[in-house]
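Chain and residue survey
Here's the letter readout for the chains.
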Amino acid sequence: MNQGTVIKTYNSFYYVQTSQSVVTCTLRGRFKQERFSLLVGDVVRFNHIANEKGVIEEILPRRSMLKRPMVANVDQVLLTFAAVNPDISCILVDRFLALVELSGLPAILCINKMDMADSADIGKIVDRYRQIGYQVIQVSAKQAWSIDQLREILNDKVTVFAGPSGVGKSSLLNALQPGLTLTTGEVSKKIGRGRHTTRYAELLPLEAGGFVVDTPGFSFTEFTDIEENELMRCFPEFLPLLAKCRFSTCLHLKEPQCAVKDAVAAGSIFPERYDAYVALMAELRENRKGY
Ligand SMILES: Nc1nc2c(ncn2[C@@H]2O[C@H](COP(=O)(O)OP(=O)(O)OP(=O)(O)O)[C@@H](O)[C@H]2O)c(=O)[nH]1
Ligand SMILES: [Mg+2]
Ligand SMILES: [Zn+2]
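Values in this document were obtained by computation on a predicted structure and should not be read as measured data.

**Brief notes about the coordination of the zinc ion (ligand 3)**
- In this structure, Cys245 (SG), Cys250 (SG), His252 (ND1) and Cys258 (SG) serve as the protein donors to the zinc ion (ligand 3), at separations of 2.0 to 2.4 Å.
- Viewed at the metal, the 4 donor atoms of the zinc ion (ligand 3) are separated by angles of 105 to 115 degrees, and the geometry they form is tetrahedral.
- The motif formed by the donor residues of the zinc ion (ligand 3), counted along the single chain, is C-x4-C-x1-H-x5-C. For the residue pair cysteine 245 and cysteine 250, the accessibility class agrees, reading buried in each case.

**Quick look at the pattern of salt bridges**
- Taken as a whole and judged by the stated rule, the model has 10 salt bridges.
- Here aspartate 94 ties to arginine 273 by a salt bridge, and the two come within 2.8 Å at their closest N and O atoms. Highlighted residues: aspartate 94 in helix α2 (residues 90–103) and arginine 273 in helix α7 (residues 271–289), separated in sequence by 179 residues. With respect to burial, aspartate 94 and arginine 273 carry one shared label: buried.

**Some points on the sheet that holds strand β12 (residues 203–205)**
- Pairing within the open sheet is mixed, and its 6 strands lie in the order β10-β9-β8-β11-β13-β12. The sheet is open, and its two borders are formed by β10 (135–138) and β12, each paired with just one other strand. Across the sheet, the mean angle separating the axes of adjacent strands is 25 degrees when strand polarity is ignored.
- Inspection of the sheet shows β12 paired to strand β13 (residues 211–214) by 3 bridges, in the antiparallel sense. Within β13, the residue paired with leucine 203 across the bridge is valine 213.

**So, the packing of α2 against α7**
- Running from N to C, α2 and α7 cross one another at 70 degrees; their axes reach a closest spacing of 10 Å. In terms of axis orientation, α2 runs roughly perpendicular to α7. In this structure, the crossing between α2 and α7 has a hand that is right-handed. In this structure, α2 contributes Asp94, Arg95, Leu97 and Ala98 to the contact, and α7 contributes Glu272, Arg273, Ala276, Leu280 and Glu283.
- Broken down by class, the residue content of the contact of α2 with α7 amounts to 4 nonpolar, no polar and 5 charged.

**Section: the environment of aspartate 42**
- Tracing the backbone shows aspartate 42 in the loop between α1 (29–33) and β4 (43–50).
- Exposure remark for aspartate 42: the relative accessible area of 0% places this residue in the buried category.
- In this structure the C-alpha to C-alpha distance between aspartate 42 and valine 6, which are 36 residues apart in sequence, comes to 5.5 Å.
- Apart from the residues within four sequence positions on either side, aspartate 42 is in contact with Gly4, Thr5, Val6, Ser37, Ile59, Arg62, Ala72 and Asn73.
- Side-chain polar atoms of aspartate 42 contact the backbone nitrogen of leucine 39, separated by 2.8 Å.

How each quantity is defined
Residues numbered from 1 in each chain as written. Chains lettered and ligands numbered in written order. Predicted model: local features only at pLDDT ≥ 70, side-chain atom pairs only at ≥ 80, totals over all residues. Heavy atoms only, no water. Donors = N, O, S within 2.8 Å, 3.2 Å for Na, K, Ca; no water. Tetrahedral: all angles 85-135°; square planar, octahedral: opposite > 155°, others 65-115°. Buried < 20%, exposed > 50% of the residue type's maximum accessible area, 1.4 Å probe, protein only. Salt bridge = Lys/Arg side-chain N within 4 Å of Asp/Glu carboxyl O. Helix = DSSP H or I, 4+ residues; strand = E, 2+ residues; numbered from the N terminus. Pairing = 2+ DSSP bridges. Axes fitted to C-alpha atoms, helices over the stretch in contact; angles between N-to-C directions. Parallel < 35°, antiparallel > 145°, perpendicular 65-115°, else oblique. Left-handed = near helix turned anticlockwise from the far one by under 90°. Contact = heavy atoms within 4.5 Å. Nonpolar A, V, L, I, M, F, W, Y, C, P; charged D, E, K, R; others polar. Polar contact = N/O pair within 3.5 Å; in protein donor to acceptor, adjacent residues only side chain to side chain.

So this is what it looks like as structure tokens:
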């Protein structure tokens, strides 16, 4: 049997990338009876039935599964923001980072459009997230700045490009590998955001090995499927402190003798990050009410 990775699904067809070519496959009937949903990113074994056509017989165990977008076996998420147009917002960065932490995958912060940036302002943001422990890269798709560094990060991995609309995710992928020819959009002058040029999840093979997934920008991503006491786990700098709070059930809001709040007061946790935590908690509670 042959082995490959599902890079695209269309109706009931699965496009499977092998080391040689892309084979159009259908799924063996028994999987359909089991209502098994095969995802982009799944590694499968298949039999050839004709030239470039096959039937999937086996699905290998998943290493990971990302929910939004639904992709299996993702290694990392590249959270992309633009230094300007649309201007980077730390509140949005914290929200996206928390969502990636929730998925359990490593996040890399990528700041694009550095050709238009005030580098001192961006430098402060970069320092903040590096201190927390995130890898941060500063790039320009337009000027091809640090594209080699980005290529190295992506090498042999499955990476999802996520971030707001219009920040240049598709442009970066085109700069990385011109053969990808992804559609990019003008940032709308009226609202200062792109127009969601990218529509569905698809694995794009990189020449050097590995895959990237371009996703449509999403400006609003709701925190619903998370428990109140899980949110703190989305802030890695809180983790070493959690056992030190007076109450084991501490949510680090109004409770006395809270190690997280003490750390904010002492300056070892950025107040902006704590504020983001409080804001996300409020949102979580607000969303709950609707159910
Ligand atoms: N100055 C400058 N403009 C850029 C850069 N990268 C992208 N742009 C422009 O930003 C706009 C949006 O780029 P896209 O690549 O379509 O953005 P996207 O993140 O894929 O947007 P969605 O698909 O809607 O999520 C386009 O007009 C690009 O030409 C950059 O490094 N510098
Ligand atoms: Mg795009
Ligand atoms: Zn606490």
